[in-house]
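# Residue-level structure breakdown
Each chain is listed here by its residues.
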Amino acid sequence: MTGRHHLFIPGPTNVPDRLLRAMHRAQEDHRSATFPALTRSILGRLPAIVGSTAATPFVFPASGSAMWEAALVNTLNPGARLLAVRFGQFSHLFIQTARNLGYHVDVIEVPWGEGASPELIEAALREDTERNIEGVLLVHNETATGVTSDVAAVRAAMDREDHPALLFVDGVSSIASLAFAMDAWRVDCAITGSQKGFMLPAGLGILYCSPRVMQRLDSVTTPRAYFDLRPMRANNEQGFFPSTPALSLLWGLDEALTMLLDEGMEQVVARHARLAEGVRRAVHAWGLSLCATRKEWYSNTVSAVVVPEGADARAVIQVAFDRWNLALGSGLTQLAGKVFRIGHMGDVNELMLAGALTGVELALQDSGVAVTPGSGVAAASSWWRETTPRQLT
Ligand SMILES: *Cc1c(COP(=O)(O)O)cnc(C)c1O
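Counting starts from 1 at the beginning of each chain's written sequence and moves along it residue by residue. Selection of residues for local features in this predicted model requires a pLDDT of at least 70, selection of side-chain atom pairs for listing and counting requires 80 or more, and totals for whole chains, interfaces and linings are taken over all residues. Only hydrogens and water are set aside; all other atoms, that is, all heavy atoms of the structure, feed into the side-chain values.

## A look at the pattern of salt bridges
The condition is simple: We define a salt bridge as a contact between a side-chain nitrogen of Lys or Arg and a carboxyl oxygen of Asp or Glu at a distance within 4 Å. Where helices and strands are cited, they refer to DSSP runs of H or I of at least four residues and of E of at least two residues respectively, numbered from the N terminus. The buried label applies to any residue whose accessible area, calculated with a 1.4 Å probe on protein chains only, is under 20% of its type's maximum; exposed applies above 50%, and partly exposed to all values in between.
Overall, the coordinates contain 22 salt bridges when judged by the stated rule. With a closest N to O distance of 2.7 Å, R18 and E255 form a salt bridge. Linking R18 in helix α1 (residues 17-23) with E255 in helix α9 (residues 247-263), this pair joins segments that are 237 residues apart in sequence. For R18, a relative accessible area of 34% corresponds to the partly exposed category. Here E255 falls in the partly exposed class, since its relative accessible area comes to 23%. Of the charged contacts in the structure, one is a salt bridge between R230 and D228, with a shortest N-O distance of 2.8 Å. Taking the relative accessible area as the measure of exposure, R230 reaches 27% and is therefore partly exposed. Among the residues examined, D228 registers a relative accessible area of 11% and is labelled buried.

Pasting the structure below:
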C-alpha cells in the first residue's frame, strides 16, 4: 500500500521522526567515562513527568508489565495482602501478576466501563481493622475500556481511613499524557513503559518509587534478581546500570524528555484533552457511545467505542486495517467484538486524528454500521477550530 500507515492503537504509539533520529546511532560503550551524563540527564528529568521532585526513577530493558512485578517484589514481603479494583483487562493482569507472585489480593469488582470507586476502597480499608492490607493496586487509565480513575480521590479515601497501605499506580497509558501528581497523591510506586506517552518503541519499563519505598528496599525479603532495585540504585548513583541498558531507547528517552518538558507537562495534558474531546464528539456524531459510562471517566488517551447491537467490532477493525491502512485497537476479552479502540496518545495532531476518524467512518460503513459520511470528522474539526490550536512556533 502506498502512503503512510495510520497507527491509532493505544500503544505502541507513533514515534516522532525526531525520536527516530535520536535513536539511529551506532552503539557505544555503556561503561565509558562519558556515559553517566546520559544516565543523569534521564534520571534527573524523569520525575518532572509525574509531578514529582521526591521520586526515584528506575529504567529497565523490559515493558510496562514487568514493572508491576518490579514494584511488588521490591516493596512487599512474601504472602502480603493487597487490595485491588478490577474494571478491565489491565487491572485484571496487574492482579494476576500479584497473585502469580504469591501475594493475596482482595478484589473489588467494578463493571467494565466504570472507574475505581473511592467509596468501595474506603469501605474495604475500614473493614481491615488489623491493618493487614499492605498495598492498594490501581490502574490510573484502564486502556481496555478508556476509563480514567481519580487517583486523588483514592488517596483521599485511604487518608480518611488513616490506612498505611502503599499505593501502587499503573500509569502505563496515563503518564506523560494525563495529569499525574505523584507527590501530591503520595503514590508509592508509579509504573509505566516507553511505548505510550513517551512516544518510543516498546522496550523500557519505567518505575518511580517514593522515598517511603526507597527506605523499605533493604528490609523486604521477597526473592528478586533481575528486578532487584538495590543493584540498580547502586549503579545508577554512579551513572551506570548493572547490566547492558537498552542504549538506543535511552537516547530516545532522553530526547523524548526534552520534547515533553520543552512543551511543558501542563500543555501536554491540555493537548491530549483537546484532541480527545474532538474524537468523542465524532463518536457521538456517529450515534455511537463510549464504553466509559460517565464523562468524569472519559480517557484523554484512548476511546473505546461500542458498536451497535448486531455489529461486530472485529469486522470494523479488520476492514480498517486491510482496506484503509488504519490500525485500531481491539476489544479485549469480555469486550471482544463489542468495542474498537482509538488511541489518541503521544505524537498526534488534529489532521492525523481527522485521517483516523475518516478511516473509522469508512470502516463502519463497510461493516454495515450506518453513519453519515463526514459527520464525525465535521464534529471533531468544528471542536478543534473552536478551541485554541497549538501555538504556531
Ligand atoms: C499497555 C499497558 C500495560 C502493559 O504494558 P506493556 O508495556 O505492554 O507490558 C499495562 N497497563 C496498562 C494500563 C497499559 O495500557
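## Some details on the side chain of S174
Short version of the rule: Working rule for contacts: check all heavy atoms of both residues, and any pair within 4.5 Å makes them a contact.
The topology assignment puts S174 in the loop between β8 (166-170) and β9 (189-193). For S174, a relative accessible area of 0% puts it in the buried group. With residues near it in sequence (within four places) discarded, S174 still touches H140, N141 and F180.

## Focus: the packing of helix α10 (residues 265-285) against helix α13 (residues 375-386)
For the record, the criterion: In this analysis an axis means a line fitted to C-alpha atoms, helices contributing only their contacting stretch, and an angle means the value between N-to-C directions, from 0 to 180 degrees. In a left-handed crossing the near helix is turned counterclockwise from the far helix by less than a right angle, and in a right-handed crossing that turn is clockwise. Amino acid classes used here: Ala, Val, Leu, Ile, Met, Phe, Trp, Tyr, Cys and Pro are nonpolar; Asp, Glu, Lys and Arg are charged; the rest, including Gly, are polar.
Taken N-terminus to C-terminus, the directions of α10 and α13 make an angle of 145°; their axes are 7 Å apart at the nearest point. Between α10 and α13 the crossing geometry is right-handed. On the side of α10, the interface is formed by R274, L275, E277, G278, V279, R281, A282 and A285, while α13 contributes S375, G376, A379, A380, W383, W384 and E386. Residue classes in the contact of α10 with α13 are distributed as 8 nonpolar, 3 polar and 4 charged.

## Some words on the site of the ligand
Rule in force here: Nearness here has a simple test: a residue counts as near a molecule or strand if at least one of its heavy atoms is within 4 Å of that partner. Per-residue accessibility takes into account occlusion by the displayed protein chains alone, with areas from the Shrake-Rupley method and a 1.4 Å probe.
Surveying the vicinity of the ligand reveals 13 residues, the closest of which are S63, S65, T143, D170 and K196. In the complex, 89% of the free accessible area of the ligand, which totals 380 Å², lies under the protein chains. Looking at the shell around the ligand, the element that brings in the most residues is helix α3 (residues 64-75), giving 3 residues. Its residues assigned to classes, the shell around the ligand comprises 4 nonpolar, 7 polar and 2 charged.

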